[in-house]
Structure formats: structure tokens, C-alpha cells
Amino acid sequence: MTNTDNPNDNSRSGRPADMISNLMGYIDTRIDLIRLDIQNKMKAGFVGILHALMLGFTAFMALIFLNIFLGLLLNDLLDSQFWGFGILTAFYIILFLIFFFGLDKKTFQGVADKTFENTIYKNDKTAK
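The sections below set out a description of the structure shown in this document.

So, how was this worked out
- Residues numbered from 1 in each chain as written.
- Predicted model: local features only at pLDDT ≥ 70, side-chain atom pairs only at ≥ 80, totals over all residues.
- Heavy atoms only, no water.
- Patch = residues over 30% accessible without salt bridge, like charges linked within 9 Å, V, L, I, M, F, W, Y side chains within 5 Å.
- Areas by Shrake-Rupley, 256 points an atom, 1.4 Å probe, with all protein chains shown as cover.
- Salt bridge = Lys/Arg side-chain N within 4 Å of Asp/Glu carboxyl O.
- Helix = DSSP H or I, 4+ residues; strand = E, 2+ residues; numbered from the N terminus.
- Axes fitted to C-alpha atoms, helices over the stretch in contact; angles between N-to-C directions.
- Parallel < 35°, antiparallel > 145°, perpendicular 65-115°, else oblique.
- Left-handed = near helix turned anticlockwise from the far one by under 90°.
- Contact = heavy atoms within 4.5 Å.
- Nonpolar A, V, L, I, M, F, W, Y, C, P; charged D, E, K, R; others polar.
- Buried < 20%, exposed > 50% of the residue type's maximum accessible area, 1.4 Å probe, protein only.
- Phe/Tyr/Trp six-rings, centres within 6.5 Å; stacked < 30°, edge-to-face > 60°.

## With respect to a nonpolar patch on the surface
Item 1. There is a patch of nonpolar side chains on the surface, built from L63, L66, F69, L70, L73, L77, L78, F82, W83, I87, F91 and Y92 and spanning about 1,200 Å² of accessible area.
Item 2. Looking at which element gives the most residues to the nonpolar patch, the answer is helix α1 (residues 15–78), with 7 residues.
Item 3. Inspection of the secondary structure assignment puts W83 in helix α2 (residues 83–102).

Printed below as a string of C-alpha cells:
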């Protein structure tokens, strides 16, 4: 009886094929896991963007209606039909000019540095 006749023989003839088949299964599983991870990250990103858009839209609408309210209130206080809106417009033009000409990006960079200081590496610094 030869080695190929015995089905229970553990010779080396079948091992490379089994190893290649196991390796291919492992690679397929890793690819599926990577695809699933990418899909989950895309869903989380989509939800985050949608949430930010809805918050931004709601805040924008609240700001618009607040400005309309303030314009009408100033119109009533000044007993005029247009001075309230003119005052608000002048306020926003002055604010725009201050931001455009008066403030440098370095000012905002300093605010951002102070705001986000110790946020990313917070765990490393607390561990010491």
C-alpha cells in the first residue's frame, strides 16, 4: 500500500494546498473587515455631516429671525419704518470691516491654540 492509498496519511503532499487555502481565506476575511470598517467610518462621517448641517441651518434660521425681530423692535422704538434695519445693517458692515481689515489670522490662530491646547495628547500628559 502506498502513501496515496491511505486517506488518514498526514504526508506533506496536501499541506501546501491547505496552507494556501487558509491564507486565501484569511486574506478574504481581512478584506471584508477592512470594507466593513470603511463602511462604518463613511456612515459615521455622513451622520456627522448631516448633524452639523442641520445644526448650522437651525442656528442660521434663528439668527435671521432674531435679526428681523431686532430690526422691527428698533423700528418700533425709533418710530420709523427703516432705521432699525439700517442700524443693524451698519452694525454688520462695521463688524465685517473689523474682521476683514482689523484682525489678522494670527489672532484666530492664538485663540485656536488656546482652545485646543491639551486636547489631543491629554491622556499622555495625565499619565506622567
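Structure's up, so let's keep going.
## A word on the packing of α1 against α2
Item 1. Put simply, α1 and α2 touch, their axes get as near as 6 Å, and they point 130° apart. Between α1 and α2, the interaxial angle falls into the category oblique. When the axes of α1 and α2 are compared, the crossing they make is right-handed. Of α2, the residues touching α1 (which contributes L63, N67, I68, L70, G71, L72, L74, N75 and L78) are W83, G84, F85, I87, L88 and Y92.
Item 2. Looking at the contact of α1 with α2, its residues break down into 11 nonpolar, 4 polar and no charged.

## Things to note about the environment of T89
Item 1. If you trace the backbone, T89 turns up in helix α2.
Item 2. By relative accessible area, which is 44% here, T89 ends up partly exposed.
Item 3. Between the alpha carbons of T89 and G71 there is a distance of 9.3 Å; along the sequence they are 18 residues apart.

## Quick word on the pattern of salt bridges
Item 1. The tally for this structure, following the rule as stated, stands at 1 salt bridge.
Item 2. Of the charged contacts, one joins D37 and K41 as a salt bridge, the two residues approaching to 3.6 Å between their closest N and O atoms. Residue D37 and its partner K41 are both found in helix α1; the two are separated by 4 residues, about one turn of the helix.
Item 3. Taking the relative accessible area as the measure of exposure, K41 reaches 58% and is therefore exposed.

## Digging into the packing of aromatic side chains
By convention here, two paired aromatic rings are described through the distance between centres and the angle between planes.
Item 1. What the rule picks out here adds up to 4 aromatic pairs.
Item 2. Ring geometry for F82 and W83: centres 5.3 Å apart, planes at 35°, overall tilted.
Item 3. On the basis of an interplanar angle of 85° and a centroid distance of 4.7 Å, the ring pair of F100 and F101 is categorised as edge-to-face.
Item 4. On the basis of relative accessible area, F100 is assigned to the exposed category, the value being 54%.
Item 5. Each member of the aromatic cluster is reached from another via a ring pair, and the members are F96, F100 and F101.

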